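Here are the chains, one letter per residue:
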Amino acid sequence: MIPPAFDYVRPASVDEAVRTLADAGEDAKVLAGGQSLLPLLRLRLAFPELVVDIGRIPELRGIREEAGTLVIGAMTSHHDVIRDPLVRRHAGLLAAATATVADPAVRHRGTLGGSLAHADPAADLPAVILALDANLIAVGPDGRRAIPAREFFLDYLQTALRPDELLVGVEIPSTEGWGFHYEKFQRVAQAWAVVGVAALVRRHEGHLAESRIGLSNMGSTPLRATAAEEALAGADAEPGAVARAAEAAAEGTHPSSDPSASPEYRAHLARVLTRRSVLAALE
């Protein structure tokens, strides 16, 4: 299909982009890698009057470490996230999960910030960012603010970003030394996850000192499996204890029904994949 008509601008800096968004109000859409927005435009599911292309703003790209915190620019591509040694060291879960996103063409064009701002609960990376306890950095006319990942995703395709704000980066506390694993069930290769589970574990003297579990496609936003996390706290790092805790993975979730799966099947997948992911992370 042919997208609806819209105006197009390509700002050269974050300040220029923010001014453009502030002037346009809710009639503008931000174009990052285009892997989410362009399909919406072609299917006429989005009708912006203005598209703001931030692809040529150099300050939005790059990966660095600041006092034990990993800082990733919003326009950093999936491909660069996967290959970067700092990401693999401080946020191995992010690198592992990003490697499963779609296909190589999408990973070269798609961006971390674009995926998070799109806020599709079936996407891989929002649940990972939740498990990593990251902060998402937004810049608007009133300045810069950090939004905790747990407060960023509000509803289906809706975030805490204001219309005049631009997502500029992600700050991730280091999880160096933690075990991690990302696993998803999908009907065919490169399809959206029917359910995905991102697991982080820290063990101490044979016990699970802390666990974080992010869930994809178990509600209108990415979720943390808090009941399972609580059940794992202090548990023995052995298969039986993990299996018992994983039975709580779907508590508090509201999975949808669609041609891919019923809510009951998604809840079953959440339990199975949580068990698998935590055990793999422990290894």
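What counts, and at which threshold
Residues numbered from 1 in each chain as written. Predicted model: local features only at pLDDT ≥ 70, side-chain atom pairs only at ≥ 80, totals over all residues. Heavy atoms only, no water. Buried < 20%, exposed > 50% of the residue type's maximum accessible area, 1.4 Å probe, protein only. 1 Å grid on protein atoms, 1.4 Å probe; cavity = no way out; pocket = protein on both sides within 12 Å on 5 of 7 lines; lining within 4 Å. Points joined across faces, edges and corners; volume = space filled by probe spheres on them. Nonpolar A, V, L, I, M, F, W, Y, C, P; charged D, E, K, R; others polar. Core = buried A, V, L, I, M, F, W, Y, C linked by side-chain atoms within 4.5 Å. Helix = DSSP H or I, 4+ residues; strand = E, 2+ residues; numbered from the N terminus. Contact = heavy atoms within 4.5 Å. Patch = residues over 30% accessible without salt bridge, like charges linked within 9 Å, V, L, I, M, F, W, Y side chains within 5 Å. Areas by Shrake-Rupley, 256 points an atom, 1.4 Å probe, with all protein chains shown as cover. Salt bridge = Lys/Arg side-chain N within 4 Å of Asp/Glu carboxyl O. Lys, Arg positive; Asp, Glu negative; His and termini not counted. Charge placed at Lys NZ, Arg CZ, Asp CG, Glu CD.

**Structural notes on unusual backbone geometry**
The backbone of Ala-119 sits at a positive phi, close to 60°, despite the residue not being glycine. At Asp-133, a position not held by glycine, the phi torsion is positive, near 55°. Residue classification places Asp-133 among the partly exposed positions, given a relative accessible area of 34%.

**Considerations on empty space enclosed by the protein**
Using the criterion set out here, one finds 1 cavity of 30 Å³ or more in the structure. Considered as a void within the structure, the largest cavity measures approximately 30 Å³ in volume. In terms of lining residues, the largest cavity is bounded by Leu-130, Asp-133, Ala-134, Ala-149, Arg-150 and Arg-224. Here the lining of the largest cavity is composed, by residue class, of 3 nonpolar, no polar and 3 charged.

**As for the nonpolar core**
Residues Ile-72, Leu-94, Leu-116 and Ile-172 are the most contacted members of the largest nonpolar core, which totals 36 residues. Among the elements of the structure, strand S5 (69-73), helix H5 (92-98), helix H7 (112-118), helix H8 (125-131), strand S6 (135-140), helix H9 (149-152), strand S10 (166-173) and strand S12 (195-204) are those that each provide at least two residues to this core. Per-element accounting of this core gives the leading share, 5 residues, to H8. For Ile-172, the contacting residues outside a window of four places in its chain are Thr-69, Leu-70, Ile-72, Ala-91, Leu-94, Ile-129, Leu-132 and Ala-134. Counting residues in each nonpolar core, the second largest holds 24 residues, with Ala-250, Ala-270, Val-278 and Ala-281 among its members.

**Here's the deal with a negative patch on the surface**
Together, Asp-7, Glu-26, Asp-27 and Glu-49 line one region of the surface with negative charge. Locating Glu-26 in the fold gives a position in the loop between helix H1 (14-24) and strand S2 (28-31). For Glu-26, a relative accessible area of 70% puts it in the exposed group.

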